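Spelled out, the chains give:
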Amino acid sequence: MLDIRFVRENIDFVQKKLAERGQDIDLGRFSRLDQERRDILKEVETLRGERNTVSKEVGQRKKQKEDASDLISKMGAVSARIKELDESLKETEALFDEFLMTIPNVPHESVVSGTDSADNPVVREWGEKPVFTFEPKPHWETGEFLKVLDFAEGAKIAGARFTLYRGLGARLERALINFMVDLHAVEHGYTEVLPPFMVNSDSMRGTGQLPKFEEDLFKIEGTDYYLIPTAEVPVTNIHRGEILDEKDLPVYYVAYTPCFRAEAGSYGKDTRGLIRQHQFNKVEMVKFSRPDTSYDELEKLTANAEEVLERLNIHFRTVDLCTGDLGFSAAKTYDIEVWMPGQDAYREISSCSNFEDFQARRAEIRFRREESGKVEFVHTLNGSGLAVGRTVVAILENYQQEDGSVIIPEALIPYMNGVDRITPAV
RNA sequence: GGAGAGAUGGCUGAGCGGCUGAAAGCGAUCGCCUGCUAAGCGAUUGUACGCCCAAAAAGGUGUACCGGGGGUUCGAAUCCCCCUCUCUCCGCCA
């Protein structure tokens, strides 16, 4: 959610910034509703003030055993009017809030203007594409060949976009989770948390999934519970409604969770393999930062995510999302795209964003300045570190051998109980 | 799932129709005192929004907020209804 006062005072600037995102949002509606709301507020508050004063006098008179019936009947009318105004205020505010909730964040000034992913500048590349003496296969072929991924069974058990991992495939997934969480928790100073995998609608609102993106979520029928689409939701909401101490900032969390996504509107896209699933595992990093350091924190966060691939020795590049490709709540995002030789393409494996105070304002996450005692919104950040299923894909494709076996990256061998290669099951 | 008890400021905890944005204590901050520490003394100590003033900060003023929502009343932290959460006991259960 944007700052109402900021939008009010910089309406042309905001309109222009949103246009760069490719969003055609009528901020005239904002101004009209804002004005209407303030007009009602002014009137109702004046009346309330009057009622408070007179009611006090009623109390005084009663105490003196004097008659107050003239005041009481007068205030009856005032109260009725207040009730009327309250109702229209509620309506206007509901419209206003609903509208505000649909306005995306303003991109940071460093974000380049562009229409889609083709315009994202590459800011870094690491490593090199592996050279194969044979035609590298996509992971759905190596995975099935090695009997570590079973798409048919996944479909039978649940449906399309679900996969059954078997044997060393299941172990590889689990090894990656532990490897990633350990790296961030032990070496990068993040506090490990294991949150609920379902959250209530207040939490979904706090991080911006609701009200706009309900169709992307799985909801538990007959309850207020939603399956989380990312650990960002439960973890960012840890501090919802809180005022943190400045000395505790920045706060770092790392969490492993499964993620559940309805993938509405992506039918026909990435139907093969593990790339786009209804359920996948992810290790997520979340930060709460002071506003003045949040962009440094974003750089560090992105570096922490990149380090996972560096340790696994897999080629990737990092792109800076342009205005047209930026997510709803983000002010700036780096995507890490890993090289997938079997698909001859780079695929997103991590997305690291600074939301500035956009989520903090919705979720009311603030901190108190030590110096002045003033309360301000924190900046929230998060990034995948990494998407686990896609990392399995990257290993299966980058480390495949001509005989169809797959070598386990050095750094993972301890997590695989010493297994250094997946060979075809006999 | 059943029965009961609760939810008040950073924390503990009073209040149970008007004098309560809220006692008291703790904590915190500032000042005094002090060889140092401790103790002591004094002051300050919520958030949001509107309006006034203003370049801004500060300030002034109004309104709202005592788990959430609704109701009764001239007036609600206080009375009534619904919901959520916490605790205790019983049942069930990995």
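It should be emphasised that the depicted structure is a prediction, and the values quoted were computed from it without experimental measurement.

Enquirer: Give me the protein's contact with RNA strand B: which residues, what numbers.
Expert: Taken together, 24 residues are adjacent to RNA strand B, and Gly49, Ser55, Ser79, Lys90 and Lys374 come closest. Considering RNA strand B, the proportion of its atoms within 4 Å of the protein that are sugar or phosphate atoms stands at 69%. In the model, a base nitrogen of RNA strand B is placed 3.1 Å from a nitrogen or oxygen of the Glu45 side chain. Between a sugar or linking oxygen of RNA strand B and a side-chain N or O atom of Arg366, the distance comes to 3.2 Å. Those elements that provide at least two residues to the surface near RNA strand B are α1 (4-9), α3 (27-63), α4 (69-101) and β13 (366-368). It is α3 that provides the largest number of residues to the surface near RNA strand B, a total of 12 residues. Looking at side-chain class alone, the surface near RNA strand B contains five nonpolar, six polar and 13 charged residues.

Enquirer: Help me get a handle on the sheet that holds strand β7 (residues 243-245), residues and values and all.
Expert: On the basis of which strands lie adjacent, the open sheet formed by three strands has the order β7-β13-β14 and mixed pairing. For this open sheet the edge positions go to β7 and β14 (375-377), each flanked by a neighbour on one side alone. Within this sheet the neighbouring strands show an average axis-to-axis angle of 40°, counted without direction. Relative to β14, β13 is paired through three bridges, and the arrangement is antiparallel. If you follow Arg368 over to β14, its bridge partner there is Val375.

Enquirer: Give me the lowdown on α4, citing residues and values where you can.
Expert: Here α4 is 33 residues long and its end C-alpha atoms lie 47 Å apart, about the 48 Å a rise of 1.5 Å per residue gives. Along α4, the residues classified as buried are Leu71, Met75, Val78, Ile82, Leu85, Leu89, Thr92, Phe96, Phe99, Leu100 and Met101. Buried residues in α4 make contact with α1, α3, α8 (201-207) and α11 (358-363).

Enquirer: Go over the sheet that holds strand β10 (residues 316-320) with me, naming the residues and quoting the values.
Expert: Whenever strands of a sheet pair, they do so through backbone hydrogen bonds, lying parallel or antiparallel. Taken together, eight strands build an open sheet; the order of strands is β1-β10-β11-β12-β15-β9-β8-β4 and the sheet is mixed. Two strands lie at the open edges of the sheet, namely β1 (122-126) and β4 (191-193), each paired on one side alone. Pairwise comparison of adjacent strand axes, ignoring direction, gives a mean angle of 20° for this sheet. Where β10 meets strand β11 (residues 332-340), five bridges bridge the pair, whose relative direction is antiparallel.

Enquirer: Explain the environment of Val199 residue by residue, including any values.
Expert: For Val199, the position within the fold is in strand β5 (residues 198-199). In the structure, Val199 is positioned 25 residues away from Asp224 in sequence and 8.0 Å away in space, judged by C-alpha atoms. Excluding residues within four positions of it along the chain, Val199 makes contact with Met204, Asp224, Tyr225, Tyr226, Ile228, Val233 and Pro234.

Enquirer: Describe the side chain of Gln400, and please don't skip the residues or the numbers.
Expert: In this fold, Gln400 is placed in the loop between α12 (388-398) and β16 (406-407). With a relative accessible area of 3%, Gln400 lands in the buried category. Separated by 2.9 Å, the side chain of Gln400 and the backbone oxygen of Lys137 make a polar contact. Non-local contacts of Gln400, meaning those with residues more than four positions away in its chain, are made with Phe132, Phe134, Pro136, Lys137, Thr142, Ile395, Ser405 and Val406.

Enquirer: So, the environment of Glu144: which residues are in play, and what are the values?
Expert: Among the secondary structure elements, Glu144 is positioned in helix α5 (residues 139-145). You can call Glu144 partly exposed: its relative accessible area is 40%. Taking C-alpha positions, Glu144 is 24 Å from Leu309, a pair spaced 165 residues apart along the chain. Contacts of Glu144, omitting those with residues within four sequence positions, involve His139, Leu149 and Phe151.

Procedures and definitions
- All residue numbers refer to positions counted from 1 along the written sequence of the respective chain.
- Chains and ligands are labelled by the order in which they are written, letters from A for the one and numbers from 1 for the other.
- At least 70 in pLDDT is required for a residue's local features to be given in this predicted model, at least 80 for side-chain atom pairs to be given and counted, and no such filter applies to totals for whole chains, interfaces and linings, which use all residues.
- Just so you know, side-chain values use all the structure's heavy atoms and leave hydrogens and water out.
- In this text, near means that some heavy atom of the residue lies within 4 Å of the molecule or strand in question.
- Under the rule applied, a polar contact is a pair of N or O atoms within 3.5 Å (in protein, one hydrogen donor and one hydrogen acceptor; residues adjacent in sequence only if both atoms are side-chain atoms).
- In this text, helices come from DSSP runs of H or I with a minimum length of four residues, and strands from runs of E with a minimum of two, each type numbered from the N-terminal end.
- Each residue is assigned to one of three groups, with Ala, Val, Leu, Ile, Met, Phe, Trp, Tyr, Cys and Pro labelled nonpolar, Asp, Glu, Lys and Arg labelled charged, and all others, Gly among them, labelled polar.
- Think of it this way: DSSP has to see at least two bridges between two strands before they count as a pair.
- Axes, fitted as lines to C-alpha atoms, cover a helix only where it is in contact. Angles between the N-to-C directions of the axes lie from 0 to 180 degrees.
- To estimate the expected span of a helix, subtract one from its residue number and multiply by 1.5 Å.
- Relative accessibility thresholds used throughout: buried, under 20% of the residue-type maximum; exposed, over 50%; partly exposed, between the two (1.4 Å probe, protein chains only).
- Throughout, a residue-residue contact means that at least one pair of heavy atoms, one from each residue, lies within 4.5 Å.

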